[in-house]
Amino acid sequence: MMDKGVLGEMIPIVLFLCITFGITYIVRLLVNARLRVKMLQVSGSKELVESVVQGDMHRDQMTALRWGIVTVMEAIGFGVIQAMGWTDINAGVVAMLLGAFGLGYLLFFVLARRFG
């Protein structure tokens, strides 16, 4: 169990990381959107617009599929941990969660290659 000192130090660090990654993600979205707008202004062809929209739609679908599979596999991992009666965080619990995460990504890889 964590004492108040460790938890008190972890909260600001995690908050800083969340804010940093959030700002980085927003900047990345803005740069990508600006790049697409410039590309479409220069070219202006209907085929390019359709291919960019189709590519974005396909990427969004694959992202949703990836995180859906990974989330379901993590839920299964947590269910197995609960069913086994493990209550402490130890190497077996961490291995189960990492294994579920990895299996989710492998399953996504197979499905993406087959249907993507």
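Refer to the structure above for everything that follows.
Here we summarise the structure given alongside this text. Within every chain, residues take consecutive numbers counted from 1 along the sequence as written. This being a predicted model, a pLDDT of at least 70 is required before a residue's local features are given, and a value of 80 or more before pairs of side-chain atoms are given or counted; all residues contribute to the totals for chains, interfaces and linings. Only hydrogens and water are set aside; all other atoms, that is, all heavy atoms of the structure, feed into the side-chain values.

## With respect to the packing of aromatic side chains
Then, number 1: By convention, a stacked pair of Phe, Tyr or Trp rings (six-membered ring in the case of Trp) has centres within 6.5 Å and planes under 30 degrees apart, an edge-to-face pair has planes over 60 apart, and any other such pair is tilted. Scanning the entire structure with this criterion turns up two aromatic pairs.
Then, number 2: Plain terms: the ring middles of Trp67 and Tyr105 are 6.1 Å apart, the flat faces sit at 80° to each other, and that makes the pair edge-to-face. Of this pair, Trp67 sits in helix H2 (residues 46–84) while Tyr105 sits in helix H3 (residues 91–115); the two residues are 38 residues apart in sequence, bridging distant segments of the chain.
Then, number 3: The buried label goes to any residue with under 20% of its type's maximum accessible area, the exposed label to any with over 50%, and the partly exposed label to all in between, with areas taken from a 1.4 Å probe on protein chains only. Residue classification places Trp67 among the partly exposed residues on the basis of a relative accessible area of 42%.
Then, number 4: Relative to Tyr105, the ring of Phe101 lies with its centre 5.2 Å away and its plane at 55°, an arrangement referred to as tilted. Linking Phe101 with Tyr105, this pair stays in helix H3, spanning four residues, or about one helical turn.
Then, number 5: A relative accessible area of 34% places Phe101 in the partly exposed class.
Then, number 6: By relative accessible area, which is 28% here, Tyr105 ends up partly exposed.
Then, number 7: One aromatic cluster is present, formed by Trp67, Phe101 and Tyr105 through successive ring pairs. In this description a helix means any DSSP run of H or I spanning at least four residues, a strand means any run of E spanning at least two, and both kinds are numbered starting from the N terminus.

## Structural notes on H2
Then, number 1: Helices are assigned an expected span. That span is 1.5 Å times one less than the residue count. Under the 1.5 Å per step criterion, the end-to-end length of H2 is 57 Å for 39 residues, consistent within 8% with the ideal 57 Å.
Then, number 2: Residues Val52, Asp56, Met62, Ile69, Val70, Met73, Glu74, Gly77 and Ile81 constitute the buried set of H2.
Then, number 3: One or two residues past the end of H2 sits Gly85, with phi positive at roughly 80°.

## Here's the deal with the layout of surface pockets
Then, number 1: Every definition here rests on a 1 Å grid over the protein atoms only: cavities are sets of points where a 1.4 Å probe fits but cannot get out, pockets are open sets enclosed by protein on both sides within 12 Å along at least five of seven lines, and lining residues have some atom within 4 Å of a point. Grid points are joined across faces, edges and corners, and a volume is the space filled by probe spheres set on the points. In this structure, the largest pocket spans a volume of roughly 150 Å³.
Then, number 2: If you go around the largest pocket, the residues you meet are Tyr25, Arg28, Leu29, Asn32, Arg36, Arg59, Asp60 and Thr63.
Then, number 3: Secondary-structure elements contributing two or more residues to the lining of the largest pocket are helix H1 (4–43) and H2.
Then, number 4: Broken down by element, the lining of the largest pocket gets its largest block of residues, five residues, from H1.
Then, number 5: Three residue categories are used. Nonpolar comprises Ala, Val, Leu, Ile, Met, Phe, Trp, Tyr, Cys and Pro, charged comprises Asp, Glu, Lys and Arg, and polar comprises the others, including Gly. For the lining of the largest pocket, a count of residues per class yields two nonpolar, two polar and four charged.

## Observations regarding a nonpolar patch on the surface
Then, number 1: Here, patches come from residues exposed beyond 30% relative accessible area and free of salt bridges, joined within 9 Å for like charges and within 5 Å for nonpolar side chains (Val, Leu, Ile, Met, Phe, Trp, Tyr). Only the protein chains shown count as cover for residues, and all accessible areas are computed by the Shrake-Rupley method using a 1.4 Å probe. We count a salt bridge whenever a side-chain nitrogen from Lys or Arg sits within 4 Å of a carboxyl oxygen from Asp or Glu. Where nonpolar side chains cluster on the molecular surface, the patch consists of Leu15, Ile19, Ile23, Val27 and Val31 and spans about 460 Å² of accessible area.
Then, number 2: Residue position: Val27 is located in helix H1.

## Some words on the packing of H2 against H3
Then, number 1: In this analysis an axis means a line fitted to C-alpha atoms, helices contributing only their contacting stretch, and an angle means the value between N-to-C directions, from 0 to 180 degrees. At their nearest, the axes of H2 and H3 sit 8 Å apart, and the two run at 150° to each other. Classified by the angle their axes make, H2 and H3 are roughly antiparallel. Between H2 and H3 lies a crossing of right-handed hand. Of the residues in H3, those in contact with Met62, Leu65, Arg66, Trp67, Ile69, Val70, Met73, Glu74, Gly77, Phe78, Val80 and Ile81 of H2 are Val93, Met96, Leu97, Ala100, Phe101, Leu103, Gly104, Tyr105, Leu107, Phe108, Leu111 and Ala112.
Then, number 2: Taken together, the residues that form the contact of H2 with H3 break down as 20 nonpolar, two polar and two charged. Note that the term roughly parallel is reserved for angles under 35 degrees, roughly antiparallel for angles over 145, roughly perpendicular for angles of 65 to 115, and oblique for everything else. Handedness of a crossing follows from how the near helix is turned relative to the far one, being left-handed for an anticlockwise turn of less than a right angle and right-handed for a clockwise one. Note on definitions: a residue-residue contact is assigned when non-hydrogen atoms from the two residues lie within 4.5 Å.

Read these as layout, nothing more, since geometry by itself doesn't imply function.
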